Amino acid sequence: MSEYGRRAIHASGVGMPAIYLLDIVTWRELRYFMLVVTGIVFTLEFLRLVVGLNHRLYDEITRPYEQHAVAGYALYMLSMTTVAVLFGPSVTIPAMLMLILGDPVSGMLGDNAADEHKRPAVVAATFGVCFLLAVPFTVAGSSTTVGVAAAGVGAAVGAVADGVKPVIRGVGVDDNLTIPPIAAAGIVVTFWLFGVDVGFDPLWA
């Protein structure tokens, strides 16, 4: 599968926040749905990596360096679901959209290997995209001033998470895993600094 095909699949994840925004499901129902999907995804990864069930589809959606490691699509679901379980919509949806839509846009703008940093111009452009994706939700969850600040901080750290690849034991950390939690943390900390009581909303509360 081409990189454009993978990015299209990546962007199709917008259906998850969309079903909440369109009032098809409640916030709680979306969170449970994401937990179920994540459970299915990691079951499939267990079958692929441990049992050895290698379906042709895996060869299409995984990159060569993912053949013997947890694939990006599983990390994608894990990171977004973790954020959804911990936070409310004004934090989670921006963090999700930065990964779902911001990351593919960044990928089209930059051409770098999995363990290489992106050019500063690409990081700056990614910041702009992430900010535009986030600000309607952060403003709706607080006020204009606080929302703009939270979107800016979340977008900045999200863009850095996308563009700067930490390398651990020679392996680049996948931004599918890092973008949502880092972006969510930036938004929550900004809300907290402005004294806004919004953000942390664990599913089990």
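Residues numbered from 1 in each chain as written. Predicted model: local features only at pLDDT ≥ 70, side-chain atom pairs only at ≥ 80, totals over all residues. Heavy atoms only, no water.

Draft legend 1. Local environment of the nonpolar core. In this structure, Met16, Met34, Tyr76, Met80, Val91 and Met98 are the most contacted members of the largest nonpolar core, which totals 37 residues. Elements with a minimum of two residues in this core: α3 (27-51), α5 (72-86), α6 (89-109), α7 (120-140), α8 (144-163) and α9 (175-193). When residues of this core are assigned to their parent elements, the largest contribution, 8 residues, is made by α6. The residues contacting Tyr76, other than those within four sequence positions of it, are His10, Gly13, Met16, Leu99, Ile100 and Asn176. (Core = buried A, V, L, I, M, F, W, Y, C linked by side-chain atoms within 4.5 Å. Buried < 20%, exposed > 50% of the residue type's maximum accessible area, 1.4 Å probe, protein only. Helix = DSSP H or I, 4+ residues; strand = E, 2+ residues; numbered from the N terminus. Contact = heavy atoms within 4.5 Å.)

Draft legend 2. Focus on unusual backbone geometry. The backbone of Asp23 shows a phi angle near 65°, a positive value even though the residue is not glycine. Looking at the element boundaries, Asp23 is found in the loop between α2 (15-21) and α3.

Draft legend 3. Summary view of the pattern of salt bridges. If you walk through the whole model with that rule in mind, you get 3 salt bridges. Asp201 is the partner of Arg31 in a salt bridge, and the nearest nitrogen-oxygen pair spans 3.8 Å. Of this pair, Arg31 sits in helix α3 while Asp201 sits in the segment after α9, placing them 170 residues apart in sequence. Under the relative-accessibility criterion, Arg31 is labelled buried at 4%. Taking the shortest distance from any N to any O, the salt bridge between Lys118 and Asp162 comes out at 3.1 Å. You can see Lys118 sitting in the loop between α6 and α7 and its partner Asp162 sitting in helix α8, a full 44 residues away along the chain. In this pair, the class of Lys118 matches that of Asp162, namely buried. (Salt bridge = Lys/Arg side-chain N within 4 Å of Asp/Glu carboxyl O.)

Take it as geometry only, folks, not as evidence of what the structure does.
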